[in-house]
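Geometric and topological summary
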Amino acid sequence: MKLNRRVFIGTGAAAAAALSAPSVFADGHGKPRVVVVGGGAGGATAARYIAKDSKGEIAVTLIEPTRMYYTCFFSNLYLGGFKEMDDLGHSYGTLAANGVNVVHDWAVGVDRDAKTVSLASGGSVPYDKLILSPGIDFVDGAVEGWDVSAQNAMPHAYKGGSQTELLKAQLMAMPEGGTFAMVAPPNPYRCPPGPYERVSMVAHYLKANNPTAKIIVADPKPKFSKQGLFQEGWANHYEGMIDWIGEDFGGGNVSVDPAAMTVTIDGEVTNVDVCNVIPAMKAGHIAEVAGVTDGNWAPVNAADMSSKADADIYVLGDASQQGDMPKSGYSANSQAKVCANAVRGALTGSKVFPAKFSNTCWSLIDTNDGVKVGATYEATDEKIAKVDGFISATGEPADLRKATYEESEGWYAGITSDMFG
Ligand SMILES: Cc1cc2nc3c(=O)[nH]c(=O)nc-3n(C[C@H](O)[C@H](O)[C@H](O)COP(=O)(O)OP(=O)(O)OC[C@H]3O[C@@H](n4cnc5c(N)ncnc54)[C@H](O)[C@@H]3O)c2cc1C
């Protein structure tokens, strides 16, 4: 690369950092290279910000198998009939037009000594800094009777796109007075309020189209995110329709039989028409392949999202074990901006700002009945630590709930353009 004037005429910390940083300028391969694996909430944001803010000084390659990313956020609203599938799809064209080299392929290996990522189609991509944001995979054997080969009979719909469409098709095909079952996941998992917003949206659909149908939720947890708000909403809008069976009532002692379409909760067998199995989760497989996981997740340093196992690898979003932030799209986007700033600083000597993070999770319970929970966070030596938070109150007036829903619509438009351009 051309020597960067700012590096040499800059003053203070930025110049000092640039001069003391491990030099990729002298490696003889031109621009510093960042490879991002996973073009979802975390990866797309990181790729976009590094390309945009480095103004061509860093070569950014994004590896992502799909050509359209369908958000999980707002996918429950699609189940409820508030959104179309097309509303949730985002392409990579704008990222490509703005300088990101988008490669549609699977990353299948990481050679940390050679600093290369190998691709399913063959070949490998070199990096100076590698950012992993592969989202989640499922823990084998987490729900007795279920593995990914059963995902067509009993969909998880916890990755966006075709799984969500399948669950909607099954919901629409339910017989009159049928039973929709959900097996909820144990902590920690992607989107803490997600299963319960889904129950609300399924109930909304059934109330209008199949009002004698029932919903059973087998939950291994004693309590869940925004529980008071959801249970108040379920009593107000969907009385008698939803049976939540928590840990105390044997909700964790569950097995399924996808061939027979039965769910067994604490020894009691129930025939069901739809069964949404959301198993326990772990970091996307490539994080394990790269050797940056410890148990199910990838521990990171809060200040810059760098892996605790390798200073040249960063892990974003759901795959990371970072501390207090929930696994959400908003969190992944927030972490990606901190990471992008730190990576750019390490590679070009640009100013690195102190890490600040934020998150809000909105949930729709029924038409215009939106609730939210959120917090701000800072980096400490141990973790991303919560600073302060807020949550909707029970019994709020209808106009406030409507405003909260409208706020979530604005958030979706803003954050998806922040991710995909
Ligand atoms: C029902 C539901 C509702 C939700 N609602 C909300 C909400 O309202 N608000 C909110 O903030 N969050 C919400 N979320 C959570 C949000 O979707 C995730 O937290 C977020 O997508 C995590 O971002 P990520 O970058 O970690 O992973 P993802 O967005 O899942 O991106 C991972 C990407 O990596 C790619 N990938 C995986 N492995 C490889 C590989 N080996 N090579 C190349 N590419 C690979 C995948 O194809 C995928 O595109 C919801 C989730 C669900 C399931």
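Note that residues are indexed from 1 along each chain, following the sequence as it is written. It should be noted that, the model being predicted, local features are given only for residues of pLDDT at least 70 and side-chain atom pairs only at 80 or more, the latter also being counted only at that level, while totals for whole chains, interfaces and linings use all residues. Side-chain measures here rest on the full set of heavy atoms in the structure, leaving out hydrogens and waters.

**Overview of the nonpolar core**
Applied cut-off: Nonpolar cores were defined as sets of buried Ala, Val, Leu, Ile, Met, Phe, Trp, Tyr and Cys residues, with membership established by side-chain atoms within 4.5 Å. Relative accessibility decides the category of a residue: with a 1.4 Å probe and only protein chains considered, values under 20% of the type maximum give buried, values over 50% give exposed, and everything between is partly exposed. Secondary structure elements are taken from DSSP: a helix is a run of H or I of four residues or more, a strand is a run of E of two residues or more, and numbering for both begins at the N terminus. How far each domain reaches was decided by an automatic or database domain assignment. We call two residues in contact whenever any of their non-hydrogen atoms come within 4.5 Å of each other.
Of all hydrophobic cores here, the largest spans 123 residues; its most connected members are Ile-131 and Cys-275. Take this core: its biggest share by element is eight residues, from helix 10 (residues 329-348). Two domains each provide a minimum of three residues to this core, namely domain 1 (29-137 + 282-354) and domain 2 (141-278). Ignoring anything within four residues of it in the chain, the contact list for Cys-275 reads Met-154, Pro-155, Ala-181, Val-183, Val-256, Met-261 and Val-263.

**Observations concerning the packing of aromatic side chains**
This is how the line gets drawn: When two rings of Phe, Tyr or Trp (its six-membered ring) have centres within 6.5 Å they constitute a pair, described as stacked for plane angles under 30 degrees, edge-to-face for angles over 60, and tilted for the intermediate range. Charge-over-ring placement is defined geometrically: NZ (Lys) or CZ (Arg) within 6 Å of the ring centre, and within 35 degrees of the ring normal.
Under the criterion given, the structure shown has 16 aromatic pairs. An aromatic cluster of at least three residues, connected via ring pairs, comprises Phe-73, Phe-74, Tyr-330, Trp-362, Trp-411 and Tyr-412. The ring of Tyr-78 is capped by Lys-168, whose NZ or CZ atom sits 4.6 Å from the centre of that ring. Cation over ring: Lys-327 sits above Trp-297, and NZ or CZ is 3.8 Å from the ring centre.

**Remarks on the sheet that holds strand 6 (residues 107-111)**
Using the following cut-off: Any two strands are treated as partners once DSSP identifies two or more bridges connecting them. Axis definition: a line fit to C-alpha positions, over the contact stretch in the case of helices; interaxial angles, taken between N-to-C directions, run 0 to 180 degrees.
If you walk across this open sheet you meet the three strands as 6-7-8, and the pairing is antiparallel. Pairing within the sheet leaves two strands with one partner each, and these edge strands are strand 6 and strand 8 (124-126). Within the sheet, the average angular offset between the axes of one strand and its neighbour, ignoring direction, is 25 degrees. Bridge analysis of strand 7 (residues 116-119) against strand 8 gives three bridges, and the strand direction is antiparallel. When the sheet's bridge partners are listed, Thr-116 is paired in strand 8 with Pro-126.

**Quick look at the site of the ligand**
Convention followed: Nearness here has a simple test: a residue counts as near a molecule or strand if at least one of its heavy atoms is within 4 Å of that partner. The definition of a polar contact used here is a pair of N or O atoms within 3.5 Å, where within protein one atom must be able to donate a hydrogen and the other to accept one, and adjacent residues in sequence count solely through side-chain atom pairs. Accessible surface area values rest on a Shrake-Rupley calculation with a 1.4 Å probe, where residue burial reflects the displayed protein chains alone. In this classification, the charged set is Asp, Glu, Lys and Arg, the nonpolar set is Ala, Val, Leu, Ile, Met, Phe, Trp, Tyr, Cys and Pro, and all remaining amino acids, among them Gly, are polar.
The environment of the ligand is made up of 34 residues, and the closest members are Glu-64, Tyr-69, Ser-133, Arg-190 and Asp-318. Measuring from an oxygen atom of the ligand, one finds a backbone N or O atom of Ser-328 at 3.4 Å. In the complex, 93% of the free accessible area of the ligand, which totals 1,000 Å², lies under the protein chains. Where the shell around the ligand is concerned, the elements lending two or more residues are helix 3 (41-54), helix 4 (75-80) and helix 10. Per element, the largest residue contribution to the shell around the ligand is three residues, and it comes from helix 10. Among the residues forming the shell around the ligand, the class breakdown is 17 nonpolar, 11 polar and six charged. Each of domain 1 (29-137 + 282-354) and domain 2 (141-278) contributes no fewer than three residues to the shell around the ligand.

**Remarks on the pattern of salt bridges**
Under the convention used in this document: The salt bridge definition used is simple: a Lys or Arg side-chain nitrogen within 4 Å of an Asp or Glu carboxyl oxygen.
The final tally for this structure, using the stated rule, is 18 salt bridges. For Asp-418, the salt bridge identified is with Arg-48, shortest N-O distance 3.6 Å. One end of the pair, Asp-418, is in helix 11 (residues 398-420); the other, Arg-48, is in helix 3, and 370 residues separate them in sequence.

**Here we look at the pairing of strand 17 (residues 274-277)**
Burial along strand 17 is two-sided: Val-274 and Asn-276 and Cys-275 and Val-277, pointing in opposite directions, are all buried. Here strand 11 (residues 179-183) pairs with strand 17 via four bridges, running parallel. Bridging across to strand 17, Phe-180 finds its partner in Val-274.

**A few points about the domain arrangement of the protein chain**
Here is the rule: Defined here as a combined quantity, buried area equals the accessible surface (1.4 Å probe) lost by two parts on assembly, summed across both.
On domain assignment, one finds that the protein chain holds domain 1 (29-137 + 282-354) and domain 2 (141-278). Centre-to-centre, using C-alpha coordinates, domain 1 lies 30 Å away from domain 2. At the interface, 18 residues of domain 1 touch 20 residues of domain 2. Around 1,700 Å² of area is buried between domain 1 and domain 2 when both sides are counted, 64% of it from carbon and sulfur atoms. A per-residue breakdown of the area domain 1 buries against domain 2 is headed by Asn-76, Leu-79 and Ile-136, which together make up 35% of the total. Between the two partners, domain 1 and domain 2, sit two salt bridges. Note that Lys-159 and Asp-137 form a salt bridge whose closest N and O atoms lie 2.7 Å from each other. There are eight residue pairs in polar contact (both at pLDDT 80 or more) connecting domain 1 and domain 2. Taken together, the elements giving at least two residues each to the side of domain 1 that touches domain 2 come down to helix 4 and strand 10 (136-138).

**Topic: helix 11**
Quick reminder of the rule: By this rule, a helix spans an expected 1.5 Å times one less than how many residues it contains.
Its 23 residues place the ends of helix 11 33 Å apart at the C-alpha level, agreeing with the 33 Å of an ideal helix rising 1.5 Å per residue. Just past helix 11, the residue Gly-421 takes up positive phi, approximately 85 degrees.

**A short note on the packing of helix 7 (residues 194-209) against helix 8 (residues 227-237)**
For any two helices packed against each other, one specifies the inter-axial angle together with the distance between the axes. We apply this condition: Relative orientations are named as follows: roughly parallel for angles under 35 degrees, roughly antiparallel for angles over 145 degrees, roughly perpendicular for angles from 65 to 115 degrees, and oblique for any other angle.
Two elements in contact, helix 7 and helix 8, have axes separated by 11 Å at closest approach and are oriented at 5 degrees. Taken together, the axes of helix 7 and helix 8 lie roughly parallel to each other. Touching Tyr-196, Glu-197, Val-199, Ser-200 and Lys-207 of helix 7 are Phe-230, Trp-234 and His-237, all from helix 8. Residue classes in the contact of helix 7 with helix 8 are distributed as four nonpolar, two polar and two charged.

**Some details on the environment of Glu-382**
Its location among the elements puts Glu-382 in the loop between strand 23 (369-379) and strand 24 (384-391). As for Glu-382 and Ala-142, which are separated by 240 residues in sequence, their C-alpha atoms are 29 Å apart.

**Concerning the sheet that holds strand 13 (residues 242-245)**
Strands sit in the order 13-12-11-17 across an open sheet of four strands; the sheet is parallel. Of all strands in the sheet, those bounded by a partner on one side alone are strand 13 and strand 17. Recorded for the sheet is a direction-independent mean angle of 15 degrees between the axes of neighbouring strands.

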